[in-house]
Amino acid sequence: MAITTLLFDLDGTLIDSNSLILASYTATLEQYTGRTYEREELLPFIGPPLKDVFENIDPVRAEEMIAAYREHNLKHHDAYVEAYPYVAETLQQLKQAGFKLGIVTTKMRDTAERGLRVCGLGGLFDVVIGYDDITQAKPHPEPVLKGLDALGSLPEEAIMVGDNYHDIESGKNAGTKTAGVAWSIKGKQSLLAYGPDYMLEDIRDLLDIVKEEAHAENGKLSR
């Protein structure tokens, strides 16, 4: 079946917020544990929901820690985040060519939409599925399936794109094709281990992948 739909994770996939995430974890963990975590210790926290991360560290104070993390994150958000190279123009080409575009993130939806606006990506997506829209987070299929349902798309006509194994596994569990991004902070090899259908070295690689499905004669998909 022709690809009509592209679902994207947000942080680390379309926008570079890794420094912000690491800074927010560092500040929160210093406050609640009294020690500074090394960067390598923080990397596994990128991807899973905050609830899972902080409940594993301190179940009793997890909600307090989530609130502290979000306060720090929002305070510094706009100064840190930016779109990765070629993201805006690639998404614009895909949208103009008629592809349905959606965000599937473990961020709260309003924060995700704020990130899209700050990075000049507002208005490009037909749906944004945030953590507050689902009951089971990636790698469960629910977030991807909810995005597909909102777009009126079937799994077999979609690709889920992400920088973390949670994204790849969620797409596979939902029945979509999957694409990893080589610029993942955890490294390209960490994603290849989960067997995505595609590995993007550059976001523009998506144009090559879907070009045959986009009626190339319209001239809207080119690199």
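Cut-offs applied
- Residues numbered from 1 in each chain as written.
- Predicted model: local features only at pLDDT ≥ 70, side-chain atom pairs only at ≥ 80, totals over all residues.
- Heavy atoms only, no water.
- Helix = DSSP H or I, 4+ residues; strand = E, 2+ residues; numbered from the N terminus.
- Axes fitted to C-alpha atoms, helices over the stretch in contact; angles between N-to-C directions.
- Parallel < 35°, antiparallel > 145°, perpendicular 65-115°, else oblique.
- Left-handed = near helix turned anticlockwise from the far one by under 90°.
- Contact = heavy atoms within 4.5 Å.
- Nonpolar A, V, L, I, M, F, W, Y, C, P; charged D, E, K, R; others polar.
- Buried < 20%, exposed > 50% of the residue type's maximum accessible area, 1.4 Å probe, protein only.
- Pairing = 2+ DSSP bridges.
- Right-handed = clockwise from strand over helix to strand, strands pointing away.

Asks: What exactly am I supposed to notice about unusual backbone geometry here?
Replies: For residues other than glycine, phi is negative in most cases, and the peptide bonds are mostly trans. Pro-139 follows Lys-138 through a cis peptide bond whose omega is 15°. Looking at the secondary structure, you find Pro-139 in the loop between β5 (127-129) and α7 (142-151).

Asks: What is the right way to look at the packing of helix α1 (residues 18-33) against helix α3 (residues 50-57) in this model?
Replies: Between two packed helices, both the angle of their axes relative to each other and the distance between the axes serve to describe the pair. Two elements in contact, α1 and α3, have axes whose closest approach is 12 Å; the angle formed by their N-to-C orientations is 30°. In terms of orientation, α1 lies roughly parallel with respect to α3. Handedness of the crossing formed by α1 with α3: right-handed. Contacts between α1 and α3 pair Tyr-25, Thr-28, Leu-29 and Thr-33 from the former with Leu-50, Val-53, Phe-54 and Ile-57 from the latter. Across the contact of α1 with α3, the residue classes break down as six nonpolar, two polar and no charged.

Asks: Is there a simple way to think about the pairing of strand β4 (residues 100-104) in this case?
Replies: Two faces, one strand: in a regular strand the side chains alternate between the faces of the sheet. With four of five residues buried, β4 is to be regarded as a mostly interior element. Pairing geometry for β4 and β5, over three bridges, is parallel. Along β5, the bridge assignment pairs Ile-103 with Val-128. In this view, the connection linking β4 to its parallel neighbour β5 by way of helix α6 (residues 109-118) has right-handed handedness.

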